[in-house]
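Listed below, chain by chain, are the residues.
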Amino acid sequence: SKLPDEILVSILSLLTLKEMQRTTILAKRWRYLWTRFSLRKKVKKLSLDFMMNGVASAYTLTSQIFHSHSLDSLTDLSLTSVEVTGEVLEYVLSNCPFIEILHVENSKSLVKLKTSSPLPKLKHLELNCCSLKQ
């Protein structure tokens with residue numbers, strides 16, 4: 001599709017949640033648009049799960065997706081079969097003052113995770129099947 005992202009995001013806003021989820025199998029570009037749409041709606045809970053029929057789908061989360069959106073409302077972030085680096089998570093955590101839950105699963109890109117500031121609201125941190133080094 002050669003339509004600009006803003007038009008596609010507007011189209012997404014007209015769909016039901018179930019219809020939006022179906023668009024993620026169309027093309028990788030729609031996956032990013034779905035994430036941007038969710039952030040623009042200032043969701044409290046964002047869950048990205050790209051495991052399809054037991055197979056991890058290639059989706060890389062970059063900090064660029066977050067730059068034009070406020071993360072103040074985000075309290076719960078769950079990433080399954082999403083490639084994300086420690087640097088991207090550090091950016092997200094430093095910009096989510098109310099984050100309470102962080103779940104990352106099946107991310108080979110997550111090698112090291114550090115935070116640059118205290119996370120007083122964080123109650124639950126779960127990292128499964130990641131490539132963390134001690």
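Scroll up for the structure.
Predicted, not measured: the structure shown is a model, and the values here were computed from it.

> Help me understand helix H1 (residues 5–13), please; the structure alone is not making it clear to me.
Spacing of three or four residues puts side chains on the same side of an α-helix, whose turn is 3.6 residues. For H1, every residue scored as buried is listed here: Leu 8, Val 9 and Leu 12. Considered in projection along H1, the buried side chains sweep an arc of 100° and stay on one side of the axis.

> Looking at this structure, how should I read the pairing of strand E1 (residues 45–49)?
Put simply, side chains in a regular strand alternate between the two faces of the sheet. Only one face of E1 is covered, namely the face carrying Leu 46 and Leu 48; the face carrying Lys 45, Ser 47 and Asp 49 is uncovered. By the bridge criterion, 5 bridges tie E1 to strand E4 (residues 76–80) in an arrangement that is parallel. Across the sheet, Asp 49 pairs through a bridge with Thr 80, a residue of E4.

> Honestly, helix H5 (residues 86–94) in this entry has me stumped. Any pointers?
Residues Gly 86, Val 88, Leu 89, Glu 90, Val 92 and Leu 93 constitute the buried set of H5. Residues of H5 that are buried make contact with helix H4 (64–67), E4 and strand E5 (101–105).

> Looking at this model, I keep getting lost on the pairing of E4. Mind explaining?
The element E4 is largely enclosed, with a buried count of 5 among its 5 residues. Along E4, one buried face is formed by Asp 76, Ser 78 and Thr 80 and the opposite face, lined by Leu 77 and Leu 79, is buried too. With 5 bridges connecting them, E4 and E5 associate as parallel partners. Bridging from a neighbouring strand, Asp 76 pairs with Ile 101 of E5. In this region the chain leaves E4, passes through H5 and returns to the parallel neighbour E5; the handedness of that crossover is right-handed.

> Would you explain the sheet that holds strand E6 (residues 124–128) in this entry?
Backbone hydrogen bonds hold the strands of a sheet together, and the pairing may be parallel or antiparallel. With respect to topology, 4 strands assemble into an open sheet ordered E1-E4-E5-E6, the strand pairing being parallel. Only two strands of the sheet have a single partner each, and these edge strands are E1 and E6. On average, adjacent strands in this sheet sit at an angle of 0° to one another, irrespective of strand direction.

About the cut-offs
Residues numbered from 1 in each chain as written. Predicted model: local features only at pLDDT ≥ 70, side-chain atom pairs only at ≥ 80, totals over all residues. Heavy atoms only, no water. Buried < 20%, exposed > 50% of the residue type's maximum accessible area, 1.4 Å probe, protein only. Helix = DSSP H or I, 4+ residues; strand = E, 2+ residues; numbered from the N terminus. Arc of directions from axis to C-beta. Pairing = 2+ DSSP bridges. Contact = heavy atoms within 4.5 Å. Right-handed = clockwise from strand over helix to strand, strands pointing away. Axes fitted to C-alpha atoms, helices over the stretch in contact; angles between N-to-C directions.

These figures come from the coordinates and say nothing about function on their own.
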